[in-house]
Amino acid sequence: MFGLANPDRFLRFTRPLTPVLWGLAAVLLVAGTWFSFVAPEDYQQGDTVRIMFVHVPAASLGLMAYGALGVSSFFALVFRHPLADAAARAAALPGAAFTALALVTGALWGKPMWGAWWAWGDARLMSVLILFLFYLGYMALRASIDDEAKAARAAAVLGLVGLINLPIVKFSVDWWNTLHQPASLMRADGPSMSAVFLTPLLMMMAAYGALFLAIWLTSIRTEIVRRRVLTIRARRAQEA
């Protein structure tokens, strides 16, 4: 695994893997979407229950992507490895997109269920909003500093600070009274939902996971190439 920290090895290893992940994500998205519409209406929520098949995977991937960003930031800050920094940078945009999708679909789901688009007192909603702001802050901080080395260090520190919010998002429904229901999947006694809803939900979560990995690896590969091009240009400028 640590051998992949070498950019050349990473490029060779991910060259055949990346298109497989893109194809897997496409197949799972199509299948998951079909099963989502085939699933029956919920006896309480009606057709609005189908929002779950987009909202829950998006929220989960928002957390997972920030975990990848934070861990990569740690290795970039402590070991100063450029590939780790590229991985952290590559996770920011798709992670922010998944988190934004979770917020939007959560509002669409909350209106018919709770009677409101947003609830400022809900710990889960606020912690996910803070997660989204950490993503925006990370990208804005990198873009605001011209020196890439200084930008990488400053963003890595912010990325590590943001890790504190992840357990708050995860356990907010257990620590405080919120409008959100407790966990339905990760339970000691097993999932609490029936198979007709569990199957499309797991398929969509797998699809979103494959999609994130495909985007992440593609972005890291692109970032490696971009940095090499910048290095070549800088050397040519010095020689000239």
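Conventions and cut-offs
Residues numbered from 1 in each chain as written. Predicted model: local features only at pLDDT ≥ 70, side-chain atom pairs only at ≥ 80, totals over all residues. Heavy atoms only, no water. Core = buried A, V, L, I, M, F, W, Y, C linked by side-chain atoms within 4.5 Å. Buried < 20%, exposed > 50% of the residue type's maximum accessible area, 1.4 Å probe, protein only. Helix = DSSP H or I, 4+ residues; strand = E, 2+ residues; numbered from the N terminus. Contact = heavy atoms within 4.5 Å. Polar contact = N/O pair within 3.5 Å; in protein donor to acceptor, adjacent residues only side chain to side chain. Expected span 1.5 Å × (residues − 1). Axes fitted to C-alpha atoms, helices over the stretch in contact; angles between N-to-C directions. Parallel < 35°, antiparallel > 145°, perpendicular 65-115°, else oblique. Left-handed = near helix turned anticlockwise from the far one by under 90°. Nonpolar A, V, L, I, M, F, W, Y, C, P; charged D, E, K, R; others polar.

A word on the nonpolar core
With 50 residues, the main nonpolar core has Phe212, Trp216 and Ile220 as its most contacted residues. Sorting the residues of this core by element identifies helix 1 (7–38), helix 2 (52–79), helix 3 (82–114), helix 4 (123–144), helix 6 (165–175) and helix 7 (195–239) as the ones contributing at least two each. In terms of residues, this core owes the most to one element, helix 7, which gives 13 residues. Apart from residues no more than four positions distant in its own chain, phenylalanine 212 is found in contact with Leu61, Met64, Ala65, Ala68, Ala91, Pro94 and Phe98.

So, the side chain of arginine 227
Mapped onto the fold, arginine 227 is located in helix 7. According to the relative accessible area criterion, arginine 227 is buried, its value standing at 18%. A distance of 2.5 Å separates the side chain of arginine 227 from the side chain of aspartate 85, its partner in a polar contact.

With respect to helix 4
With 22 residues, helix 4 extends 31 Å between its outermost C-alpha atoms, agreeing within 8% with the 32 Å of an ideal straight helix rising 1.5 Å per residue. If you check which residues of helix 4 are buried, you get Ala123, Arg124, Leu125, Ser127, Val128, Leu129, Leu131, Phe132, Phe134, Tyr135, Tyr138 and Arg142. Contacts made by the buried residues of helix 4 are with helix 2, helix 3, helix 5 (148–162), helix 6 and helix 7.

A closer look at the packing of helix 1 against helix 7
Helix-helix packing: each pair is described by the crossing angle between the helix axes and the interaxial distance. Where helix 1 meets helix 7, the closest approach of the two axes is 7 Å, and the angle between their N-to-C directions is 150 degrees. Here helix 1 lies roughly antiparallel to helix 7, going by the angle between them. As for the relative orientation of helix 1 and helix 7, their crossing is left-handed in sense. Residues belonging to the contact of helix 1 with helix 7 are distributed by class as follows: 26 nonpolar, six polar and four charged.

Points about unusual backbone geometry
The phi torsion of most residues other than glycine is negative, and most of the peptide bonds are trans. In this structure, arginine 80 takes a positive phi of about 55 degrees despite not being glycine. Its location among the elements puts arginine 80 in the loop between helix 2 and helix 3.

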